[in-house]
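# Chain and residue survey
Chain residues, written in single-letter form:
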Amino acid sequence: MSSLLDLKSTVLRQVQVCPSFRRRSEEEAGSSGAAAPAPSQEAWKPGDGVEFFAQMRLLLKKGESRQCLPRPEVLLRSGSPAPAEPVDPNRGLRPLSLEEAEMLYEEALYTVLHRAGTMGPDQVDDQDALLAYLGQVFSSSPEEHAEALEHVRKAKAPAYALKVSVMRAKNLLAKDPNGFSDPYCMLGILPASGAPQEPPGKDQRFSFRKGSRRGGGTRDPLPAKCIQVTEVKSSTLNPVWNEHFFFEIEDVSMDQLHLDIWDHDDDVSLMEACRKLNEVMGLKGMGRYFKQIVKSARANGTAGPTEDHTDDFLGSLNIPIREVPVAGEDRWFKLEPRSSASRVQGECHLVLKLITTQRDTSMSQRGRSGFLSYLLLLDSLLQFEHRAEKPDSSSWCGELSGPASTILSLHSAQSNLSPLQLAVLHWQVSSRHHQTCSLDYSYLLGLLDDMQTHWEQSTSLPQEQEEGLADSFSAFSEFGLQLLGQLRDYFPPTNSTAIYRLEMLLKCLSKLQLFQPSFQTCPFDNELNMDIIKTLKKGNQEWFEKLLITKSPREQPAPQRLLGLIDLADAVYVDLQADYGIYASLFHSILKVDFFTLTFQQLERLVADEACTLAEELKPKLTPEVASGLFELYLTLADTQRFWSRVPGQDSRSLALADIHGPFLPAIKLWLQVLRDQTRWRLQSAVDMDMLEPADADSKHSGSATAAGLSFHQVQELWVRLAWPDPIQAQGLGTQLGQDMCEAALFYTELLRKKVDAQPGAAVEAVSDQLCAVLNDVELVRKAAGQALRGLVLLEGAGGPEGGLPRPLLSCTQVLDEDLQREARTVTAHLTSKMVGDIRKYVQHVSLSPDSIQNDEAVAPLMRYLDDKLAQLNASLVKENLDRVLEALWELLLQAILQALGANRDVSADFYSRFHFALEALVNFFHAEGQGLPLESLRDGSYKRLEEELRLHRCSTRECIEQFYLDKLKQRPMEQNKFGRLSIRCYYEAAEQRLAVEVLHAADLLPLDANGLSDPFVIVELGPPHLFPLVRSQRTPVKTRTLHPVYDELFYFSVPAEACRRRAACLLFTVMDHDWLSTNDFAGEAALSLGSISGVARSQAGGGMRTIQPITLHLRRPKAHVRSALRMLEGRANKEAQDFVKRLRELDKCMEADA
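Everything quoted here is computed from the prediction, not taken from an experiment.

The next thing to look at is the overall build of the chain. Within the chain one finds 36 helices and 16 strands. In the chain, which comprises 1155 residues, the share counted as buried stands at 52%. At a minimum sequence separation of 6, the contacts of the chain that also span at least 24 residues come to 78%.

Counted by the stated rule, this structure contains 25 aromatic pairs. Aromatic pair Trp-890 and Tyr-943: ring centres 6.4 Å apart, planes at 25°, arrangement stacked. In this pair, Trp-890 is assigned in helix H29 (residues 879-902) and Tyr-943 in helix H32 (residues 942-953), connecting sequence segments 53 residues apart. Summarising the burial analysis for this pair, Trp-890 and Tyr-943 share the class buried. Of the aromatic side chains, those joined through ring pairs into one cluster are Tyr-573, Tyr-580, Phe-596, Phe-600, Phe-643 and Trp-644. Here Arg-488 stacks its cationic end above the ring of Trp-543, 4.5 Å away from the centre of that ring. Over the face of the ring belonging to Phe-1017 we find Arg-1035, whose NZ or CZ atom lies 3.9 Å from the ring centre.

Another aspect to go through is the pattern of salt bridges. On inspection of all chains with the given rule, the structure shows 33 salt bridges. Two residues, Lys-233 and Glu-231, come together in a salt bridge whose shortest N-O distance is 3.6 Å. Judged by relative accessible area, Lys-233 falls into the partly exposed class, the value being 23%. Assessed through its relative accessible area of 42%, Glu-231 is described here as partly exposed. Close ionic contact of Arg-642 with Asp-639 constitutes a salt bridge, the shortest N to O distance being 2.5 Å. Residue Arg-642 and its partner Asp-639 are both found in helix H21 (residues 624-646); the two are separated by 3 residues, about one turn of the helix.

Moving on, we get to the environment of Ala-159. Examined against the element boundaries, Ala-159 turns out to sit in strand E1 (residues 159-170). As a C-alpha pair, Ala-159 and Val-252 span 93 residues in sequence and 9.8 Å in three-dimensional space. Apart from residues no more than four positions distant in its own chain, Ala-159 is found in contact with Ile-355, Thr-356, Thr-357 and Gln-358.

Below, the discussion takes up the sheet that holds strand E7 (residues 329-334). Strand order in the open sheet formed by 4 strands is E4-E1-E8-E7, and the pairing between neighbours is antiparallel. This sheet does not close on itself; its edge strands, each paired only once, are strand E4 (240-249) and E7. Each strand axis lies, on average, 25° off the axis of its neighbour in the sheet, ignoring direction. Across 6 bridges, the pairing between E7 and strand E8 (residues 347-357) is antiparallel. Residue pairing in the sheet places Trp-332 in a bridge with His-349 of E8.

A separate point is the layout of surface pockets. In this structure, the largest pocket occupies an estimated 1100 Å³ of space. Broken down by secondary-structure element, the contributors of at least two residues to the lining of the largest pocket are E1, E4, E7, E8, helix H12 (402-414), helix H13 (419-434) and helix H14 (441-457). Ranked by residue count, the leading element in the lining of the largest pocket is H13, at 6 residues. Grouping the amino acids of the lining of the largest pocket by side-chain chemistry returns 17 nonpolar, 17 polar and 6 charged. When its volume is computed, the second largest pocket comes out at roughly 930 Å³. In this structure, the second largest pocket is lined by 35 residues; those nearest its centre are Leu-96, Ala-101, Val-137, Phe-138 and Ser-380. Its residues assigned to classes, the lining of the second largest pocket comprises 15 nonpolar, 11 polar and 9 charged.

With that settled, the discussion passes to the confidence of the model for the chain. Of all residues in the chain, 81% have pLDDT values of 70 or greater, and the mean over the chain is 80. In this model residues 1-19 is a low-confidence stretch, pLDDT under 50, and it forms 42 contacts with partners more than four residues away in sequence or in other chains. Segment residues 280-309: pLDDT under 50, and 31 contacts once partners within four positions in sequence are set aside and those in other chains are kept.

Structurally, the position occupied by Gln-714 is in helix H23 (residues 703-722). A relative accessible area of 3% means that Gln-714 is categorised as buried. When near neighbours in sequence (up to four residues on either side) are disregarded, Gln-714 contacts Phe-53, Met-56, Arg-57 and Leu-60.

Conventions we followed
Residues numbered from 1 in each chain as written. Predicted model: local features only at pLDDT ≥ 70, side-chain atom pairs only at ≥ 80, totals over all residues. Heavy atoms only, no water. Helix = DSSP H or I, 4+ residues; strand = E, 2+ residues; numbered from the N terminus. Buried < 20%, exposed > 50% of the residue type's maximum accessible area, 1.4 Å probe, protein only. Contact = heavy atoms within 4.5 Å. Phe/Tyr/Trp six-rings, centres within 6.5 Å; stacked < 30°, edge-to-face > 60°. Lys NZ or Arg CZ within 6 Å of the ring centre and 35° of its normal. Salt bridge = Lys/Arg side-chain N within 4 Å of Asp/Glu carboxyl O. Pairing = 2+ DSSP bridges. Axes fitted to C-alpha atoms, helices over the stretch in contact; angles between N-to-C directions. 1 Å grid on protein atoms, 1.4 Å probe; cavity = no way out; pocket = protein on both sides within 12 Å on 5 of 7 lines; lining within 4 Å. Points joined across faces, edges and corners; volume = space filled by probe spheres on them. Nonpolar A, V, L, I, M, F, W, Y, C, P; charged D, E, K, R; others polar. pLDDT = per-residue confidence, 0-100.

What follows is the structure, encoded as structure tokens:
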């Protein structure tokens, strides 16, 4: 293993002359007298680097959550109750005085005692239960309650009236020839005194137009004051009237509402008469006038031919007043016939409401309207119900109990309140109550929706009521703005309940803006959206100032403020995530307010100002600790800027953070020095604790490699997060960081080599587990460091290769990879060197095996040995290192076999066949059906030489000579113009059976004389000699003092065409430099296959030699592989082989003399 310590990198070829990191570290070690440079202790306190890299992991983990835009489902983590909102009893309605409370109590009791109509299924019909409930609401003792009841019972009963709205009818009968009718309605109240108790027959009913005389009975006509008539709707079967009528009721329990629908046919019908009658209603004699009108009406169906102008009956309704629901009725009524002879169809839509007038209560006597009475009563009931239901809950939706809703329904009906007034009252009371005891905002939004619906369908409110509504809007918006000013406190983004309340609140505020154009007096001083934006900005400023005072007060010393400012920047980033993921969508979709842009630009400027000021203040006081803090702060600021860039349509160049990197540059440079030293301390600690054993059952490298790879990965990830914006500065920082990483990687491999060398017994084992672990560690670090270096990507705009690394960093990366590859090969060589003796022993066993045994038996011991060793290596090495070991073993085997062949001459053919079998068996073994080395790699390099040796050993002398010429034909010049060119023309004349060769000229020959020129001539010969035994070589004249001789010499060779077609048959041109006083010098040679010459391969039709195109041959010198056949011939004792070798040696002497 000591040889590993003496390893010197030979990698010298680098881009921009970057020296090897291995050599650099060794030179530094030599100059300092230490084996390896230790980390500087001045940059950071000495340690094992564990704590430093633990902090790095925290920074990376923090950055992982910032890689993409936040999603609401990730941010909303809590479903706990929302924070309590700031309620104030003084924001509700004015408390009642004792006298006002007593009057309201009386009003409520009076309402219950004098109820009229039918109770609904959801209402409480028990009068005693309603009265008892009122006693609880007003906290009345039994005696006080009884006394109040007695007082109310003695009061005068109210007067009742029925409000009837005739809305429309549908599907009426067609009475006119055009298929339509001209319908109108007559309606009135049948008093108890005039209403029949029991009709005489089932087919007889009351009608305004007809006296009932069937069965001998008579009926007085309806009093004129009780009759009302609608307009005529021409030519329709589905008339729409939407007319409203008011009838006084004398007896609620017995009176009835009667309605007839007629088809208008008379020029002056009963309808017009009734209208005139109603115009003079109340004058004396109107009863007689009405009787005359009734008498003039004719019965339906009894008119003669001259009475076709009488109105036709279309249907009627009879509705007892006592059956009208307390809350009123709005529905379709099916029309009824007046007798069995009448045919009617269709329905009529009516709205009925039973109200009271002339109420004998203190509030009525003092002129308090039903609107005000209802407001006070609703407020009292709402407070009572809320206290009883959920006194401390903000999720109460105003659900009233049965008695409360029944009493309110009775009072609203008796006070003749419209649906719009009821909606306004419920909003006013509930919105005020919400400011004293929180309600569910969805309940308030529902009240606004209900009010908006009725607002669009009704006329405007009286001014006093509208002003009260405007005041409630103003108070609620003021309360809402107060909450939005402390948005993060009352609606935290992680609380789904609070965010739902915020959504409902914003919808309420948005709904308020819809009412603004409807008010004569505007409830808002400014546009509500402008007030909201102003409030949000003020809230952001106050939130930041509060956070700054808590975490990083300005009166603290700068180093102490730094830690707090890091927390503040993190808090701002988290808040901006919530702003984008939660708040922004709500404000934009509901109020069209760009909350995220507003908040981001405000907060990023505030935090940028604080960070820039602190960085400038700390610049002269930089220490490693301060640099680390500033580095962490800058990462958060850079993340904040990138966050803005990830938002579609945003440009970060306008931000205050765009230029924040300048003041942080000195701190970043110092932190990179700290990182360099801490990395070395971490690697030193990891190797010291390493047992050079696999870290776990699933890995093949030791624990120190895991620590080294993780360290490099963390450095690369932090560089990506840093994303330094200045391209020039980024290139310098990245290059320095890359060089530090390269030195750290080589520092780690040196530590490993020392560790292995110090292990006892490492040099004894043939396959050392520790060496395998080291080899795997080197490979893992090579990959990890290379990936980390490639991760130091060049930012856009720098001057490096497009999409790649800057040139200095690229150079460092290439050098490091070569150094670590060299290190891996060295460890591999050390590992396989322990197997050399065994391999030679088993190869010798193959060579010494007698010819009598089978080839597989001779090779079996070698194969078993390799199988055992490679099984151990496969279990201990990763794939890349196993391939390295296989390649090294393969080369060892090839060299061992070549040595065995060289040591044995004049052996039998079975000897070479045995080694050929062994070679093919080894190829299959190392290929392993595609799982091992590729066949292209196995059958390259030394394999080709060995295969050629084996093949030639099995060839005859003449076959070897032919192979010699075939090798010359295959030879290609490396540099075409180095030895010059020769131009020739060749043709085979079949008739004369001769080969014509014309040597035309040469060019760019080598200057072989002292004068810088040559005296060249060309020797032309045919080969191999045994194919052309009677043909002698020919030569051109010498051309003196030239490098571009012109010959134009024609030579003929009498040879048969069959011999020319042999595979090895060729023309060999040798260019020599003639020396008068010494041996001629060799200038170059070229070979041309005779099979390619015209006339040999195919017949040439006429034209002769001059029609053949010249051929340019590039001169060269014989290569080593051409001499392999020559070595085979040198070892043979027969005369043919020796003569051939002798002739070639003479040519070699010429080349040696020239060299």
